Structures are given as structure tokens and as C-alpha cells.
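# Remarks on the overall topology
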Amino acid sequence: MGTISLKKAGKRYGAVEIIRELDLEIADGEFVVIVGPSGCGKSTLLRMIAGLEATTDGQILIDGRDVTSASPVDRQLAMVFQSYALYPHMTVRQNMGFGLRLAKVPSATARAKIEAAAETLKLTPLLDRYPKELSGGQRQRVAIGRAIVREPVGFLFDEPLSNLDAALRVDMRLEIAKLHRTLGATMIYVTHDQVEAMTLADRIVVMKDGRIMQQGRPRDLYERPANLFVAQFIGSPKMNLLPCRRDQGDRLDLSGEGNLTLAMPGMAAPEQLGARPEHLALVAPESGHCRGVVEASEYLGGNMSVFVRAGRLGLINVSAPADTPFRVGEAVGIRIDESRSSLFDGAGAAIGAHP
Amino acid sequence: MTIARPQTNAPEFRLLATPLVLFLLVFLGFPALVNLIYSVSEVTFETLRQPRFTGLANFLSVWSDAAFWQASWFSLRFGLLTAVLECLLGLFLAIFLSPLIERRSWLMAILMLPLMVAPALVGLMYRLVLHEFVGPVPYYLWTYFGASISFLGPGSAFWTLVVVETLQWTPFTLLLFYMAYQAIPSEIAEASAMDGARSLQRLWFIELPMMGPTIAAALLIRFIDGFRVFDNVYVLTGSGPGGSTASLSIYIYEAFFKQGAIGKAVAASVVLFVASFAVLYGLNALASRRKGAKR
Amino acid sequence: MITILRWFVFAVAAIALNFPVLVTLSTSFKSARELSGNPGLWVQAPTFENYRTVFEVSDRLNIFLYLFNSLTVALMGTVLAVALALPAAYAIARGRIGERTLLPFIVNLRAVPLIIFAIPLYMMFQWLALLDTRLGLGLILTIVNLPLALVILVNAIRDLPAELDEAALMDGANRTQILIKVVTPLCRPAIVTSLIFGFITAWNEFLFGLMLTTSKAVPVTVGASFFFAASGGGVQWGVASAVMIVGALPPMLLGLVMYRQISGSMTAGAVKG
């Protein structure tokens, strides 16, 4: 079992509120990724769940038990730190066994558990080495192994991949995903990297200023962002935002640079249209929803980013096939995929009825 | 990231700090209390347990004691002079010798050796070094210059002590400055070289300013140690000639052990105690204000 | 050319700074007869006679006792200071206990003239019958050593990543266990430095030895001065020199062997002092 729930949990230092009245329900076996810009409180939230930071308001429950003021070890969670936090004076075996030793687990049992975990993580030949003799990826695996042997009800990961180089990060990402499938345990994973969030999560929680902006499956967040912040934060390259105004009925006026028709609720007053670069297409100048002049382009291999200056709509990023023929300075038209764009009102909230 | 403020540990941490606090209370708190009581009491070795309250009489007798002011003046002058001399000499040696020491760190070990010798023993050694019959310094002066001076006589004793103290503690400033000098990133030296700075300009405009905090710290530490000097002065000149080389520490020691003037000695201690902590906390506050301002 | 000048300056500095030690060393190998005719640095007929005399135990002079006293009180003052400072340093560095009160107070203690505590301590020791005991002197040397030990250890613990503590908390360790099993092994270099530096400081201490001991617990810094008036008449300079060398040698050797650690701790004390 491993359900974790936060009920109006809050954290303040004096007058400064880091986390405000946060509600979050995590099911047993779920992989939840918390993302947000630095300073949004995501690490603090994780440390509150771990018991490393005091929770000043509200409650934290694990399997229905109130652990708000329980010590870290009583919560039966394990944590993998950003810096791995391996004990430098202990061998891999001792690092992994430290918690078991403190819990007075019989040494034969401990040995078996350590060796089983080492087997899973391909650490067996390294058991008697010291952390300084290991590579970054190996250290990372030891940190995970230390978490596994204690058979916790849930795993907490605090930006575990940010100290690895790009290639290794992809490998470890796959390994963590595999580990989650094998163990089936609850995992909470904090990162600022939205690619990690998209690839690993059953559910993504996007945070800003100590609050949850949106939570849901990666696809939902990508396709139906609840607000401007999530729309901009999820997805790379960023979503284009085009200032617009409702003309009449379902007709949308793009600041006088063009218009398009979109189904929308009667009372809605959209002010911005959000369209991802891959949902835009370059067409002949007269056949698009709006038009502009190619200002620059970036070749990315499989495709290219074309930056089109479109008058009052500003600079629009269009993802185009790499072999699209055009020249800088050329006039082009832009076609918008109406069915996959979002509308936002003046307060930045998404206009709901739109699919 | 924010530093952890774990919730459940404050009592545990307090427990860990407790032995030290208790130790300090017994060995410093209690004496401080005794100091305060005796400083406003009339007390002799016979009446230690029945001090009689006399108000500020002890402080007045300290205040009107010419020897106290002479000792204060000695400590102040001695502290300032030795601190400045040690820093100048240390700075010169650190920078001038750094090309040699960089490659052979054992040279530093030789220069550091005086720091390992007890100041009291160094004082005793100088009794030999400066002795008019068996001391090498007067001997060489006679041999090569045909004259020598009375190093510990009136007029010269103060300067002799300054030299003795400076020679023992210059290695300290030398070491500090050498480390600060080595810690200057080589990119900065290279950048200033690209800017066309010659080595003297580099020293004056780049390196010395970067060593500024270390120099200030060294001046302060050496002033404090010079101000409270006891060991080497005590064994070398006692307080003579004529009390001219009594530091404040020696003044208090003699008032207590030689004159039995407990009240006066304790009152002088309290004055020194309050003055020291006032100055030190003032400096701390100043330093942290500055740190805050920089941020 | 400039390199030759540098070597010259080094030689002058090395001789000038170490001059008293050199003179004392040379004098300790001179016979009384040679000394009266040759006060210079060079020894013509080296003799060990003075050292023999020093190690002859008499009722009034017992160099073995002084050395033993110095060794015991220095060890005690050093070990006790580190034992008290280490848990407190951990509480200060990680628990933020006394960071604004205890720490500055103890750091300032290093800069306070210790004589101000000497008189009440003398009286206190009289009541407690600790005068002229090794235990009494060892306790005082603990106070002398505490400030630097605390500064060195607080800095060392602050340099350890706090995540190590947190990992240990997640592993179920309490603070005392973390201190013993994680922090102490990782701070070993700083602990060794505090021990070496404390030992040298304690061995070389003079004021409290002078005030608080008279015969049984006299340390060698004080005992050495006894030899100056040994024979009642004039000072036997050869013997006096030998005893000074004997008294100065242990910290000098320790300092030579460990000078790297010591130079590190001096800067630590300076930056925070």
C-alpha cells in the first residue's frame, strides 16, 4: 500500500508562505511528477512529504495515517537526492545497508536484500567500492538501491537526473520507468525538466508560487492546458500566443491580421489564442489564416523552426518539415489547426468548452 | 535551496550542545560572577568568603592608579606597533618569497617554526641571546662594531620587546598572507596582464586590494594578541625596568600575586572584560552589517 | 638575479626568525668553559654534558615530571576540548542552535585576555582543591583550546552537504547516530587538525601554569624557568639552554611533521576570528 494525501497542507517561514493550502491525492502505485519553475515550492513540497521540512498547516496522510508531525523514518518513505547524498566513507554495500543496520535488521536478511537490490540495479560487481570510485550513473543507481532495500511504501525523487550528462539522463530515465513497472510502488518525482515529466509521469502536477496550477495526464496537460502558465510551461518549443478578440458568433479576429472560426461558448471573451508550433503550417501568403514575413529559421534536423514576423501578432514560431522551400524575407501565410488550439480569457484561464 | 529546518530535532540538538554550555557556565560563568562580586567588595586572602561591599572603591583605586594607565598605554602601543610591523614584514616576505615557496613548501615549514615554540620559552631564550657576557648579539656587536647597548635597560627594553614579539609572530602573518596571495585566481593576474598592468601595478591595484580582508583580519588578531601579551614579556623583563614594560595582563597578575590587592586586580579584570567584549561585539556587528550591505 | 635575491632574503628571514632557537641549540652543546670564551653561534667542542645534567633528577628539579605534566595536561585539554566542541559544533552548524549567541561568544573568547578569568579561577580552584593538580590545569587548557576547535569543526561540518544528514534521517538515524556514524568519520581531518593545534597551544601555555601550579603539576614551560636559578648563584646557561630545547622540541617536531594541517587551521581561525 502507498497512498499519500495532502489536505490543505501549507508551509510558511514567518510571514512568507512557500506552500499554500495544497490538496493532493496520490494513489497506490501511481507515478506522480511535480514540475514547475525554480522557486515554485516543488522541492519544499517533496521534503514536507519526506518529513525533512515541518508542515506548518494542514495534514499529510500516508495510507490514511496522519504523519504530519512524524519523523522521516516513521513515514516509511525513501528518498533519492539530487546530489545522491551517498556516505563517502562507506562502501556501496554499507551505504545500501545503513538503514537496515539502524533498523536492527538481522545481518543475513540485510545481506540478502542488498544483494537482491544490487542484482536489479546491476551493482553486484561494485558492492565493495566506495562512492568516489563510481561514475555518476553508478552513484545514481546506488542511491536508488539504498531506497529499494528498505522496501518503502513510496519513493521520493528530488531532481535525481540533473547532475548527469544528457545521454546518461535518457538511460536513467528509462531505468526509473522500468523500476516503477517492476516494483509497482508509489513514486513522487520532482523536476524542472518538462521532458522528464512528460515521459515518466502517470500524472503531472504543475506548480507555481506554492500552488498547483493544473494536474492530469501528460497528454491532457499538453493538449488542454487549464491556463496560460501551464500552456507556456509544458511543451518545447513554447506555445505561440496570438492576441485576438471575438468578432461575432464564432468568428475570431486576430488583431486585424486575419481571422478564423472556432466553436466557443456564448459568454466567452477570449483575448489570446494559443497554438503550438507543430499545429501551425506554412502556406501560400493568400491562403492562410494570417500572413507575415520569414525573419529567421533554425534547422533542427528532423524539422525546422521558422520565425515569421506577423505584424501586430508579433513573432510566430512555426514548425515545418526540414525540406520546406522558402527564403528569409519571403512573404508566407500561416494556417492554424483550429481543432488543436486553445483560447484564453483576460485572466489567463483557458476557455473550457473548446475541445 | 533553503537550508533544512527539520521539525523534530531541536531538542536533540540542544542536548548535543549542553555539555559545552555547562562546561562554560562552570568554568567561565562562575568566575565571571566572582569577578563581579569581588570587584565591588573589599576582600583579602583571609576574608575570601566574607567579601564586604564597598561600591565602586576598587574601580576608583584602579582609575587613580598611575601604574594602570602606564600598563594600558604600554599594551596599546605594544599591540599597535607589533601588529603593524608584523603585517608589513609578513606581507613583504609572503609576496617576495612566494615564487620560492610555491615550488618547495618545506621552506614554509622552516619559516613557521617560531610559531611552535612557547612564547615563554622564546622569552627565556632571548635572555640568553641578549645576555651581556654569553649572548651572541652583544658579542657580535662588540666584535664587529666595538660597542653594544643594554637591550633590556630603560629606554631600549620596550623596543627590544617589540622586536622579540615581531620576530616570533611574523611567521603567522606571513602564512596568512601567503595563503591569501595564493588564493587569488590566476585568471585575474592574467586578465590584468592583458590589460597592460606591470607587476608593481598589479600588486597595488589588484592583489593588495584582494588581500584586504585578510590584512585587516591579521592586523586585528595580532593587535589583540599584542595587547594582551604576558608570557614573553613577563619572563624577559618582568615588568621592569621601573614598571615600564608592564602590560595590562602583567599589571593584573602583579596586583593579585605580588601585592595581594585582590579587589583592585579583579576590578581591572572587569574593566578589561567589558572593554574587550564591547570592542569585539562592536567589530562583529560592523562586519556583519558590511556583509549584509554587500548583498 | 632576482631569484638569488629571493634566496638571500629567505636565508636572512629563516635565520632571524629562528635566531633564539639556533642560539639556544648551539649553547646547549657548549661546556661552561667554552661558553665563557665563545658566545658565538659556532660550537667548538660539542658536549652532551648539559643534557645529562638536565635529566638528573633532584628534589628541586625533575624534568621528567615537568614533561609528563605537560604531556598529560596537553592531551587532556585537547581531547576534552574536541569532545565538547564536536557535538556543539554539529548542533550549531545543522541545528542552528546558538549560532548567534554561543558561537560568537566562544569565538570572541579567543581574543579576550585570559588573565581576566585567572583570578576567580585561582580562588575557585583553591576551594575545589584543584590548585597544583594536572586535572585542574587540563580543565583550564580545555577552555583555552575550545574557541579554535569549535571554529574549525563548525566550518568543517558546514562544508559537508546537508543532504547527507537528510539521507541518514530517511534511513532512520537520529541526530546522535548521524553525529557518530556520518559526521565524525567525515570530519576526521578537521578533528585531527584541532587535536594537533590544541596540543601545541596547550603544551606552550604559560600563564595558567605559572598561576595554578607550584610543584606537583608544573608544566615544562614553567619548569624550564626553574633551571635558570638552579645553582643558587649565576645561571648555568648551558643547562638552561638544554632544558629549553627539551621543552620546545615536542611541539616543534609535531609542527614540522604536521605543518600543512596547522597552516590550514590558522587561516580558519583568522577568517572567523
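Residues numbered from 1 in each chain as written. Chains lettered and ligands numbered in written order. Predicted model: local features only at pLDDT ≥ 70, side-chain atom pairs only at ≥ 80, totals over all residues.

Attention now moves to the overall build of chain C. Counting its secondary structure elements, chain C contains 15 helices and zero strands. When the backbone C-alpha atoms are referred to their principal axes, chain C occupies close to 75 × 65 × 30 Å. By residue count, 55% of the 273 residues in chain C fall in the buried class. (Helix = DSSP H or I, 4+ residues; strand = E, 2+ residues; numbered from the N terminus. Buried ≥ 20, exposed ≤ 12 C-beta atoms within 10 Å, placed from the backbone.)

As a further point, take the sheet that holds strand β1 (residues 4–13) of chain A. Sheets are built from strands paired through backbone hydrogen bonds, the pairs being either parallel or antiparallel. Residues and elements named next belong to chain A. Spatial strand order, β2-β1-β4-β5: four strands in an open sheet with antiparallel pairing. Unpaired on one side and paired on the other, β2 (16–26) and β5 (65–66) mark the two borders of the sheet. With seven bridges connecting them, β1 and β2 associate as antiparallel partners. By the bridge assignment for β2, Ile4 is matched with Ile26. Where helix α1 (residues 42–50) meets the sheet, it contacts β1, β2 and β4 (57–62), and its direction lies at approximately 65° from that of β2. (Pairing = 2+ DSSP bridges. Contact = placed C-beta atoms within 7 Å. Axes fitted to C-alpha atoms, helices over the stretch in contact; angles between N-to-C directions.)

Take the domain arrangement of chain B next. Here the domain parsing of chain B yields domain 1 (67–248) and domain 2 (261–295). For domain 1 of chain B versus domain 2 of chain B, the distance between C-alpha centres works out to 25 Å. (Domains from an automatic or database assignment.)

Our next topic: the packing of helix α1 (residues 10–39) of chain B against helix α10 (residues 175–186) of chain C. Closest axis-to-axis distance for the α1(B)/α10(C) pair is 9 Å, and the angle between their directions is 55°. Here α1(B) is positioned oblique relative to α10(C), judged by the angle of their axes. Together, B:Glu12, B:Phe13 and B:Leu16 of α1(B) and C:Arg175, C:Thr176 and C:Leu179 of α10(C) make up the contact between the two elements. Here the contact of α1(B) with α10(C) is built from residues that sort into three nonpolar, one polar and two charged. (Parallel < 35°, antiparallel > 145°, perpendicular 65-115°, else oblique. Nonpolar A, V, L, I, M, F, W, Y, C, P; charged D, E, K, R; others polar.)

All names here are of chain A. The linkage connecting Ser236 with the following residue, Pro237, adopts the cis geometry, with an omega of 0°. Along the chain, Pro237 turns up in the loop between α8 (228–233) and β11 (240–243). You will see that Gln76, though not glycine, has its phi angle at about 55°, which is positive. Among the residues examined, Gln76 registers 18 C-beta atoms within 10 Å and is labelled partly exposed.

Time to look at the nonpolar core. Ranked by internal contacts, the top residues of the largest apolar core, which has 278 residues, are C:Ala85, C:Ala89 and C:Leu153. When neighbours within four sequence positions are excluded, C:Ala89 is seen to be in contact with C:Leu150, C:Leu153, C:Val154 and C:Ile157. (Core = buried A, V, L, I, M, F, W, Y, C linked by C-beta atoms within 7 Å.)

Moving on, we come to helix α2 (residues 19–28) of chain C. Buried within α2(C) are the following residues: C:Pro20, C:Val21, C:Val23, C:Thr24, C:Thr27 and C:Ser28. Axial view of α2(C): buried residues confined to an arc of 165°, hence all on one face. In this structure, the buried side of α2(C) is in contact with α4 (106–116), α5 (119–129) and α6 (136–145) of chain B together with α3 (32–37), α4 (49–54) and α14 (237–257) of chain C. (Arc of directions from axis to C-beta.)

We now examine the environment of A:Leu242. Residue and element names in this part refer to chain A. Within the secondary structure layout, Leu242 lies in strand β11. With 24 C-beta atoms counted inside 10 Å, the residue Leu242 sits in the buried group. Sequence spacing of Leu242 and Pro72 is 170 residues, and the spatial spacing of their C-alpha atoms is 48 Å. Leave out the neighbours within four places in its chain, and Leu242 touches Leu254, Gln272, Leu273, Ala275 and Leu313.

On the chain C side, the residues contacting the 79 residues of chain B number 74 residues. If one sorts the elements of the side of chain B that touches chain C by residue count, α1(B) sits on top with 16 residues. Of the residues belonging to the side of chain B that touches chain C, the class tally is 67 nonpolar, eight polar and four charged.

Once that is clear, we can look at the confidence of the model for chain C. All names here are of chain C. Of the residues in chain C, 95% have a pLDDT of 70 or more, and the chain-wide mean is 88. The element-level mean pLDDT for chain C is lowest in helix α15 (residues 259–272), coming to 62, with helix α5 (residues 63–95) highest at 95. Prediction confidence for the complex, expressed as pTM and ipTM, is 0.85 and 0.90 respectively. (pLDDT = per-residue confidence, 0-100.)

This part is about the sheet that holds strand β18 (residues 303–309) of chain A. Residues and elements named next belong to chain A. Within the open sheet, the five strands sit side by side as β16-β20-β17-β18-β19. Their pairing is antiparallel. Of all the strands in the sheet, the pair left with one neighbour each is β16 (280–283) and β19 (315–321). Taking each pair of neighbouring strands and ignoring which way they run, the sheet shows an average axis angle of 50°.

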